[in-house]
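Each chain is listed here by its residues.
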Amino acid sequence: MCVKRRYILIDLNSYIESISPVDREELLYFNTQLYRDYNPAISGYTLCMMVPPEFLNLPRGSIDATYLQYLSRTSIFNILEYTPPQISIKNSEITNSSGAIQYASEENISYDFSCTFLENGNSDYYAFLKLWADYIRELLLGSIKPNPKFLDSADPAYGALDYVSNFYILKYNQFMKDVTYVGKVFAAFPKTLPTKEFLGSRSTNDITLLSTDFTCSYYSESFDKTSDLFAEAESLLLQFSSS
């Protein structure tokens, strides 16, 4: 008769706790900090998710909502590197006979950030970035007319831009089961096209990484799981998983 054994995987910290004397609280605390809270192997995963613009007046047949949703769903895997807008504290000083006293006077958030996309065999991301830049250009030249509701001061959408995107930055714990941090970039659009990276070099046949600079209107971040940012990110993830 063959008896099947059940193996239960536990983390290193739990194993050490199970074999350590119960009266050695200092040792247990040390192991908890070293092997769980400050695990040198991994401290979590960071993913970035892009919500593409609406592009309300694109030429018929050029792109559709299904394709934009596909780009949004795959962006969480294709955005390999992300440099968020920088938050800084501006300082001023009061001068007296004994010297200068520095004090915080203003919080500044930069408007620039960058992303590196992993391109696929269909060149979906470069084609999308090119379409994005062309749409903005044609809109500025007047070839594409803005949606009338954006120009109506009585409409709630007055002043809106249909060529801007939002980016969500998700920080997971090391088990990828819990989001611990959410950042959001508001109203972003590209500043440069990564043409050189897309074309590459004739002497290589490497994977294509597209590094793109963006500008945005604002950046917000939160560790509070009851915040609106967490609710927005959770709603998007549930939407992708159910579609």
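Throughout, residues of each chain are indexed from 1 in the direction in which the sequence is written. The predicted nature of this model means local features are confined to residues of pLDDT at least 70 and side-chain atom pairs, given and counted, to a pLDDT of 80 or more, with totals for whole chains, interfaces and linings taken over all residues. The basis for the side-chain values is all heavy atoms of the structure; hydrogens and waters are excluded.

## Some thoughts on the packing of aromatic side chains
Turning to step 1, where the next piece is worked out: Within 6.5 Å between ring centres, the rings of Phe, Tyr and Trp (the latter by its six-membered ring) count as paired, and their orientation is classed by plane angle as stacked under 30 degrees, edge-to-face over 60, tilted in between. On inspection of all chains with the given rule, the structure shows 15 aromatic pairs.
Turning to step 2, where the next piece is worked out: Relative to Y70, the ring of Y67 has its centre 5.9 Å away and its plane inclined at 35°; by these criteria the two rings are tilted. Of the two residues, Y67 and Y70 both sit in helix 3 (residues 65–78), 3 residues apart, roughly one turn of that helix.
Turning to step 3, where the next piece is worked out: Burial status follows relative accessibility: with a 1.4 Å probe on protein chains alone, a residue under 20% of its type maximum counts as buried, one over 50% as exposed, and anything between as partly exposed. Given the relative accessible area of 24%, Y67 is considered partly exposed.
Turning to step 4, where the next piece is worked out: The exposure class of Y70 is partly exposed, given its relative accessible area of 33%. Strands are runs of DSSP state E lasting at least 2 residues, helices are runs of H or I lasting at least 4, and numbering of each runs from the N terminus.

## With respect to the pattern of salt bridges
Turning to step 1, where the next piece is worked out: Salt bridges, as used here, are contacts in which a Lys or Arg side-chain nitrogen is within 4 Å of a carboxyl oxygen on Asp or Glu. Tallied over the full model, the rule gives 6 salt bridges.
Turning to step 2, where the next piece is worked out: Note that E138 and R137 form a salt bridge whose closest N and O atoms lie 2.9 Å from each other.
Turning to step 3, where the next piece is worked out: R137 sits in the partly exposed class, given a relative accessible area of 43%.

## A word on the nonpolar core
Turning to step 1, where the next piece is worked out: Residues grouped as a nonpolar core are buried Ala, Val, Leu, Ile, Met, Phe, Trp, Tyr and Cys residues, joined through side-chain atoms within 4.5 Å. With 34 residues, the main nonpolar core has F113, W132, F167 and V185 as its most contacted residues.
Turning to step 2, where the next piece is worked out: Of all the secondary structure elements, the ones that give two or more residues to this core are strand 1 (45–51), helix 3, strand 2 (79–83), strand 5 (112–118), helix 4 (124–141), strand 6 (165–172), strand 7 (179–190) and strand 8 (209–215).
Turning to step 3, where the next piece is worked out: Per-element accounting of this core gives the leading share, 8 residues, to helix 4.
Turning to step 4, where the next piece is worked out: Setting aside residues up to four positions removed in sequence, F113 forms contacts with Y82, T83, P84, P85, F167, V185, A188, T212, D213, F214, T215 and C216.
Turning to step 5, where the next piece is worked out: Listed in part, the 13 residues of the second largest apolar core include M49, Y172, L229 and L236. Whether two residues are in contact is decided by their heavy atoms: any pair within 4.5 Å suffices.

## A look at unusual backbone geometry
Turning to step 1, where the next piece is worked out: Its identity is not glycine, yet F55 carries a phi of approximately 50°, on the positive side.
Turning to step 2, where the next piece is worked out: Note that F55 resides in the loop between strand 1 and helix 3.
Turning to step 3, where the next piece is worked out: Judged by relative accessible area, F55 falls into the buried class, the value being 4%.
Turning to step 4, where the next piece is worked out: The phi torsion at S123 lies on the positive side, around 55°, for a residue other than glycine.
Turning to step 5, where the next piece is worked out: Given a relative accessible area of 22%, S123 falls into the partly exposed group.

## Some remarks on the packing of helix 3 against helix 4
Turning to step 1, where the next piece is worked out: One way to put it is that helix 3 packs onto helix 4 with a least axis distance of 11 Å and a crossing angle of 120°. Taken together, helix 3 and helix 4 sit at an angle that is classed as oblique. For the element pair helix 3 and helix 4, the recorded crossing hand is left-handed. Of the residues in helix 4, those in contact with Y67, L68, Y70, L71, T74, S75 and N78 of helix 3 are D124, Y125 and F128.
Turning to step 2, where the next piece is worked out: By residue class, the composition of the contact of helix 3 with helix 4 is 6 nonpolar, 3 polar and 1 charged. Axis definition: a line fitted to C-alpha atoms, over the contacting stretch in the case of helices. Angles run 0 to 180 degrees between N-to-C directions. When an angle is under 35 degrees it counts as roughly parallel; over 145 it counts as roughly antiparallel; between 65 and 115 it counts as roughly perpendicular; any other value is oblique. A crossing counts as left-handed when the near helix is turned anticlockwise from the far one by less than a right angle, and as right-handed when that turn is clockwise. Gly is put with the polar residues, along with every residue not named as nonpolar or charged; the nonpolar set is Ala, Val, Leu, Ile, Met, Phe, Trp, Tyr, Cys and Pro, and the charged set is Asp, Glu, Lys and Arg.

## Describing helix 4
Residues that lie three or four places apart on an α-helix share one face, since the helix turns once every 3.6 residues.
Turning to step 1, where the next piece is worked out: Its 18 residues give helix 4 an end-to-end C-alpha distance of 26 Å, which sits within 8% of 26 Å, the value for a rise of 1.5 Å per residue.
Turning to step 2, where the next piece is worked out: Taken together, the buried positions of helix 4 are occupied by D124, Y125, Y126, F128, L129, W132, Y135, I136 and L139.
Turning to step 3, where the next piece is worked out: Trailing helix 4 by a residue or two, G142 shows a phi angle of about 95°, which is positive. A helix is expected to reach a length of 1.5 Å times the quantity of its residues less one.

## With respect to the confidence of the model for the chain
Turning to step 1, where the next piece is worked out: Known as pLDDT, the predictor's per-residue confidence is scaled from 0 to 100. Residues with a pLDDT of 70 or more make up 88% of the chain, whose mean pLDDT is 83.
Turning to step 2, where the next piece is worked out: Taken element by element, the chain is modelled with least confidence in helix 1 (residues 12–19), mean pLDDT 64, and with most confidence in strand 7, mean pLDDT 94.

## Here's the deal with helix 2 (residues 25–37)
Turning to step 1, where the next piece is worked out: Every buried residue of helix 2 is listed here: L28, N31 and T32. End-on view of helix 2: buried residues confined to an arc of 105°, all on one side of the axis. The outward face of helix 2, more than 90 degrees from its buried face, is lined by the exposed residues E26 and Y29. This arc is taken over the directions from the axis of the helix to the C-beta atoms.

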